Amino acid sequence: MSRYLVYFSGDAISFRVPELTSICEVLGLHLRYDASQLENGRRYLIVQTDEPEKLSKLAKRSVLIHQITELWGQGSTMEELRSSVLHHLQETKFDIPEKSWKFNFLISNKRKMDMATKMTFAEDLGVSFDGPVDLSTPDHTLDLYLDYGQAKKSPDMPLYYYFGDMVSEGGRDL
């Protein structure tokens, strides 16, 4: 069963699980997750499913889901994240040598981050792809999530990291 990261928008916190449950019911989508991951306003929910083709429909129908990403790795440090991602890539024998890609940063609870800092995070991840970079219509959008927690004053370094390949953006623009 594959794992996916559901990244929610920052509002309507109490409606996240009811909306998710309702849309899954309509789509006949079976997800496994622990709703306690969303406690204290957290925006990240790890779900498992055998029906990944339905996740795009879920995201498009939701106004609270920002996006859904196939989870390749996670960790409380960049070293843990790197190890987790490399293990996933070896296990799945994932290879995109001819596929185009782009890299996204999704940062929660930190307003600004300069490009040099973003590049440092990307380099520290230690994963490289040989395919061409395409910022407009890539075959793969690789997302690095930096979770700075929910405190009023964000810490200097993320409290948690997630990385993966985007499945779909949410339907907030409807």
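All values derive from a computational prediction rather than experimental measurement.

**Describing the overall build of the protein chain**
No. 1: In terms of regular secondary structure, the protein chain is built from 4 helices and 7 strands.
No. 2: In sequence order, the protein chain lays out its α and β elements as β-α-β-β-α-β-α-β-α-β-β.
No. 3: In summary, the protein chain has a C-alpha radius of gyration of 16 Å against a globular reference of 16 Å for 174 residues, a match within 12%.
No. 4: In terms of overall dimensions, the protein chain has C-alpha extents of about 40 × 40 × 30 Å along its principal axes.
No. 5: Looking at the protein chain as shown, the accessible area adds up to about 9,700 Å², and 49% of this sits on carbon and sulfur atoms.

**Remarks on the packing of aromatic side chains**
No. 1: Per the stated rule, a full pass over the model turns up 9 aromatic pairs.
No. 2: Their ring planes at 55 degrees and their centres at 5.3 Å tell us that phenylalanine 103 and phenylalanine 105 sit as a pair that is tilted.
No. 3: By way of ring pairs, the aromatic residues Tyr7, Tyr44, Tyr145, Tyr160 and Tyr162 are connected into one cluster.

**Structural notes on the pattern of salt bridges**
No. 1: For the coordinates displayed, the defined rule picks out 2 salt bridges.
No. 2: As a salt-bridge pair, lysine 54 and glutamate 51 come within 3.2 Å of each other at their nearest N and O atoms.
No. 3: On the accessibility criterion, lysine 54 (22% relative accessible area) is partly exposed.

**Some thoughts on the side chain of serine 108**
No. 1: By the secondary structure assignment, serine 108 is in strand 5 (residues 101-108).
No. 2: A polar side-chain atom of serine 108 sits 3.0 Å from a polar atom in the side chain of tyrosine 44.
No. 3: Apart from residues lying up to four places away in sequence, serine 108 is in contact with Tyr7, Arg43, Tyr44, Leu146, Asp147 and Tyr148.

**A word on the environment of isoleucine 46**
No. 1: Here isoleucine 46 is to be found in strand 3 (residues 44-49).
No. 2: On the accessibility criterion, isoleucine 46 (15% relative accessible area) is buried.
No. 3: Separated by 23 residues in the primary sequence, isoleucine 46 and threonine 69 have C-alpha atoms spaced 9.6 Å apart.
No. 4: Setting aside residues no more than four positions away along its own chain, isoleucine 46 makes contact with Arg3, Tyr4, Leu5, Arg32, Tyr33, Gln37, Leu71, Gln74 and Tyr162.

**Some details on the sheet that holds strand 7 (residues 160-169)**
No. 1: Taken together, the 7 strands give an open sheet; going across it, the order is 2-3-1-4-7-6-5, and neighbouring strands pair in mixed fashion. The sheet is open, and its two borders are formed by strand 2 (32-33) and strand 5, each paired with just one other strand.
No. 2: Across the sheet, helix 4 (residues 115-125) touches strand 5, strand 6 (140-147) and strand 7, and the angle it forms with strand 5 is around 115 degrees.

**Digging into helix 1 (residues 16-27)**
No. 1: Taking 1.5 Å per residue as the helical rise, helix 1 with its 12 residues ought to reach 16 Å, and the 17 Å between its terminal C-alpha atoms agrees with that figure.
No. 2: Within the span of helix 1, buried status applies to Arg16, Glu19, Leu20, Ile23, Cys24 and Leu27. What you see down the axis of helix 1 is that its buried residues fit within an arc of 125 degrees, all on one side. Residues of helix 1 that are exposed and angled more than 90 degrees away from the buried face: Glu25 and Val26.
No. 3: Those residues of helix 1 hidden inside the fold are in contact with strand 1 (2-8), strand 2, strand 3, helix 2 (55-61) and strand 4 (65-75).
No. 4: Two residues or fewer past helix 1, glycine 28 is found with a positive phi of approximately 70 degrees.

Conventions used here
Residues numbered from 1 in each chain as written. Predicted model: local features only at pLDDT ≥ 70, side-chain atom pairs only at ≥ 80, totals over all residues. Heavy atoms only, no water. Helix = DSSP H or I, 4+ residues; strand = E, 2+ residues; numbered from the N terminus. Rg over C-alpha atoms; globule rule 2.2 N^0.38 Å. Areas by Shrake-Rupley, 256 points an atom, 1.4 Å probe, with all protein chains shown as cover. Phe/Tyr/Trp six-rings, centres within 6.5 Å; stacked < 30°, edge-to-face > 60°. Salt bridge = Lys/Arg side-chain N within 4 Å of Asp/Glu carboxyl O. Buried < 20%, exposed > 50% of the residue type's maximum accessible area, 1.4 Å probe, protein only. Polar contact = N/O pair within 3.5 Å; in protein donor to acceptor, adjacent residues only side chain to side chain. Contact = heavy atoms within 4.5 Å. Pairing = 2+ DSSP bridges. Axes fitted to C-alpha atoms, helices over the stretch in contact; angles between N-to-C directions. Expected span 1.5 Å × (residues − 1). Arc of directions from axis to C-beta.

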